[in-house]
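Architecture and fold: a report
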Amino acid sequence: MAISMAAAVPTFVAKTSTNSKLAHLSSLQFPAALRIPRIRNNCLKSKPRFQTLKVASKKQTFASFDELLEKSEKPVLVDFYATWCGPCQFMVPILEQVSASMIDKIQIVKIDTEKYPTIANKYKIEALPTFILFKDGKPFDRFEGAMAADKLIQRIEASLAS
């Protein structure tokens, strides 16, 4: 007895009005991995949800995090993040934008709390992302959570002005 794949994998579709060309997009369905793909239009291709972002950065080697902070000529904004953290991933392009616009004022450093838990513990990182602005090697300002680029720039400039 042969069972077709279409019969073996049920699809739950909510009843929607058929007067909309996009009605099939608003229906409830199984996750895409469990559905049998239907090719309707080759022009409609979805983009992958997660993209690998290439970040241009200057690699420098320091004996310790403290040495990095002490030898920096500019204030250092440290982003404490984790690879599994959604808001941290949201901040990647925003930090690139902030870095480009404030390149002469600050240096931005990212610290993965999973790889460097001793540094995270030293600065009592309990929420991600956490940003600490260091001036002359010492913590100067601290704030948590994702924010828009313009708000982040305003916060940094206000901290540096005081």
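Residues numbered from 1 in each chain as written. Predicted model: local features only at pLDDT ≥ 70, side-chain atom pairs only at ≥ 80, totals over all residues. Heavy atoms only, no water.

1. Points about the sheet that holds strand E2 (residues 107–112)
- The sheet built from four strands is open, its strands ordered E2-E1-E3-E4 with mixed pairing. Two strands close off the open sheet at either side, each with one partner strand: E2 and strand E4 (138–144). Ignoring strand direction, the axes of neighbouring strands in this sheet form an average angle of 25 degrees.
- In the sheet, strand E3 (residues 130–135) pairs with E4 via six bridges, with the strands oriented antiparallel. Considered in E4, the bridge of Phe134 is made with Pro139.
- Lying over the sheet, helix H3 (residues 86–101) contacts strand E1 (76–81), E2 and E3, oriented at roughly 160 degrees with respect to E2.
- Its contacts with the sheet place helix H5 (residues 149–161) against E1, E3 and E4, and it is angled at close to 150 degrees to E4. (Pairing = 2+ DSSP bridges. Helix = DSSP H or I, 4+ residues; strand = E, 2+ residues; numbered from the N terminus. Axes fitted to C-alpha atoms, helices over the stretch in contact; angles between N-to-C directions. Contact = heavy atoms within 4.5 Å.)

2. Looking at the packing of aromatic side chains
- Enumeration over the complete set of coordinates arrives at five aromatic pairs.
- With a centroid separation of 6.0 Å and an interplanar angle of 75 degrees, the aromatic rings of Phe65 and Tyr123 are classed as edge-to-face. Here Phe65, found in helix H2 (residues 65–71), pairs with Tyr123, found in the loop between helix H4 (117–122) and E3; they are 58 residues apart in sequence, far enough to count as distant. Per residue, the accessibility class of Phe65 equals that of Tyr123, and both read buried.
- Centroid distance Phe80 to Tyr123: 6.2 Å. Interplanar angle 40 degrees. Geometry classified as tilted. Here Tyr123 lies in the loop between H4 and E3 and Phe80 lies in strand E1, a separation of 43 residues in the sequence.
- A network of ring pairs unites the aromatic residues Phe65, Phe80, Tyr123 and Phe134 as a single cluster.
- Its end group placed over the ring of Phe140, Lys135 keeps NZ or CZ at 4.8 Å from the ring centre. (Phe/Tyr/Trp six-rings, centres within 6.5 Å; stacked < 30°, edge-to-face > 60°. Buried < 20%, exposed > 50% of the residue type's maximum accessible area, 1.4 Å probe, protein only. Lys NZ or Arg CZ within 6 Å of the ring centre and 35° of its normal.)

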